Amino acid sequence: MNGFSKYYQKDRQTRLNILVEQQKLSSAEVEKLAQAELDFELGDTMIENYLTQYQLPEGLALNYVIDGKEYLIPMVTEEPSVIAAASHGAQLVKKSGGFKAQVKERLMIGQIVLEQVSDAPTLAKKIKQQQDKLLTLANEAHPSIVSRGGGARELNVRILAPDMLSVDLVVDVKEAMGANMLNTMLEACAKYLEEELAVEVLLSILSNYATRCLVKVTCELPVENLTKGEISGAKIAQKIASASRLAQLDPYRATTHNKGIMNGIDAVVIASGNDWRAVEAGAHAYAARDEQYRGLSTWKLKGGKLCGELELPLPLATVGGSVSIVPLVKINQRLLELEDAKELEKIVAAVGLGQNLAALYALVTDGIQKGHMKLQLKSLAVSIGAKPQEVSQVVEKILAKKARDSATAQQILAEIRGNK
Ligand SMILES: CC(C)(COP(=O)([O-])OP(=O)([O-])OC[C@H]1O[C@@H](n2cnc3c(N)ncnc32)[C@H](O)[C@@H]1OP(=O)([O-])[O-])[C@@H](O)C(=O)NCCC(=O)NCCSC(=O)C[C@@](C)(O)CC(=O)[O-]
Ligand SMILES: NC(=O)C1=CN([C@@H]2O[C@H](COP(=O)(O)OP(=O)(O)OC[C@H]3O[C@@H](n4cnc5c(N)ncnc54)[C@H](OP(=O)(O)O)[C@@H]3O)[C@@H](O)[C@H]2O)C=CC1
């Protein structure tokens, strides 16, 4: 595109000017972009071709009791009703004693993939025999993680095809997510393999399928705690268990079920400064681990209790990446009263399960529209130009009319303004 050559080498003001010169935006629009900025130096250091800082709202989820500790949980999301639902799910669980969470190990896996292999089983054996040497090389490539008590722990070889194998390095990354440190270690080992064994390296990179970094969260709710008005808790529990079964049977439903879980997970992952694409990729791969994509959580009825369970990979960090540089992340860590990355994983998983419970509870009782749309209507009111002081009036009138389209909303706004 004309005018955008070496855009990244220009300063920010020049980049903005080019948008006006090329008639992509008006001066007023460019001014708005610049005004949205909070911290030029931070933004310009974090990404490339920087223009401004795009903002998302942050709110607090309440009622989370995990292993006996109550948390205030910052969530960053653009979607109405997510935080209300997260708090609602957690409230139901809190009444029944809270969530229990478990992190068995916190190891990351990286791959060196070899191609054009002629005798894969023999090569796999040869590489496995060099495990100690390769672990030492990996640790020498990133010695600071060893002094922090972490480092390379295992080396495994998987034959992917007769001519392709994956050398998997398993690393204790301590409080980091570990992508960069692992990639450094992998490239050092790959170089050694190329030189010593004359193999053809295809690529070396961390795997986002973090199956050695799993967190499990559970909860048990006596069915009577689920009662809603005239509908018995037993009936609601039975329907939630059926909805869970459905998400194990049908990938169309499983995807939506998991989207509901990720509503909560992503929001806390973003608030904690972590890489949500990594978490999303790992979570969905885990959902398909036994060759059919399934719901990540299950809800089962056992002895008068509704028992929920969610297990997924959550490679989260309390240091490194943007965690260490975004000031709001530090504040969010303080709100969470966070001790370490394992605790963060437990919190995020609990929010996933709480969020899921609230969505299923709504789906099998009132339906999603009642609670969700009530909160979504605020966005509709803003989108048709309602001022902050007009929003609640517009929402009330839309609810009364039971017509949720923008034309009706505009008509209502005009009526409100006409009445003044
Ligand atoms: C929206 C609610 C919570 C209303 O539910 P309700 O029963 O009307 O709520 P309530 O007035 O009885 O309040 C219960 C608790 O919810 C919280 N709460 C209630 N309202 C608010 C609010 N305004 N702001 C903050 N928190 C709120 C709050 O903790 C409150 O307790 P209290 O403090 O009053 O003792 C409920 O209908 C719900 O949980 N719905 C699910 C909404 C949802 O999942 N939204 C995500 C978007 S839909 C989607 O993307 C996913 C989905 C649904 O497709 C996934 C799937 O299919 O599985
Ligand atoms: N496929 C993927 O998901 C990929 C992701 N990424 C990105 O990589 C980033 C994450 O990589 P990561 O290596 O974690 O981040 P960093 O490169 O920021 O490294 C983390 C650093 O934090 C320091 N540190 C301080 N205290 C501790 C502690 N207690 N435990 C561990 N480390 C500590 C260490 O450096 P020192 O010891 O020297 O102080 C460590 O190297 C994210 O931004 C991610 O988006 C990058 C490539 C691929």
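See the structure above.
In this report, the structure presented in the accompanying data block is examined. What you see is a predicted model; the values in this text were computed from it and never measured.

Quick notes on the overall build of the chain
Looking only at helices and strands, one finds 16 helices and ten strands in the chain. Structurally, the chain occupies a C-alpha span of about 85 × 70 × 40 Å along its principal axes. Burial statistics for the chain: of 420 residues in total, 47% are counted as buried. Across the chain, contacts joining residues at least 24 apart in sequence account for 69% of those joining residues at least 6 apart. Carbon and sulfur atoms provide 52% of the accessible area of the chain, an area that totals close to 21200 Å².

Digging into the sheet that holds strand 8 (residues 214-222)
Sheet strands associate in pairs through backbone hydrogen bonding, adopting either a parallel or an antiparallel arrangement. Judged by pairing direction, the sheet is antiparallel, and its four strands sit side by side in the order 3-8-10-9 without closing on themselves. In the strand order of this sheet, the two ends are held by strand 3 (100-103) and strand 9 (297-302), each with one partner. With strand direction ignored, the average angle separating the axes of adjacent strands in the sheet is 15°. Here strand 8 pairs with strand 10 (residues 305-313) via nine bridges, running antiparallel. From the neighbouring strand, Leu221 faces strand 10, where its bridge partner is Leu306. In the packing of helix 11 (residues 276-287) onto the sheet, the strands contacted are strand 8 and strand 10, and the crossing angle to strand 10 comes to about 120°.

How each quantity is defined
- Residues numbered from 1 in each chain as written.
- Chains lettered and ligands numbered in written order.
- Predicted model: local features only at pLDDT ≥ 70, side-chain atom pairs only at ≥ 80, totals over all residues.
- Heavy atoms only, no water.
- Helix = DSSP H or I, 4+ residues; strand = E, 2+ residues; numbered from the N terminus.
- Buried < 20%, exposed > 50% of the residue type's maximum accessible area, 1.4 Å probe, protein only.
- Contact = heavy atoms within 4.5 Å.
- Areas by Shrake-Rupley, 256 points an atom, 1.4 Å probe, with all protein chains shown as cover.
- Pairing = 2+ DSSP bridges.
- Axes fitted to C-alpha atoms, helices over the stretch in contact; angles between N-to-C directions.

That's the geometry; what it means functionally is another story.
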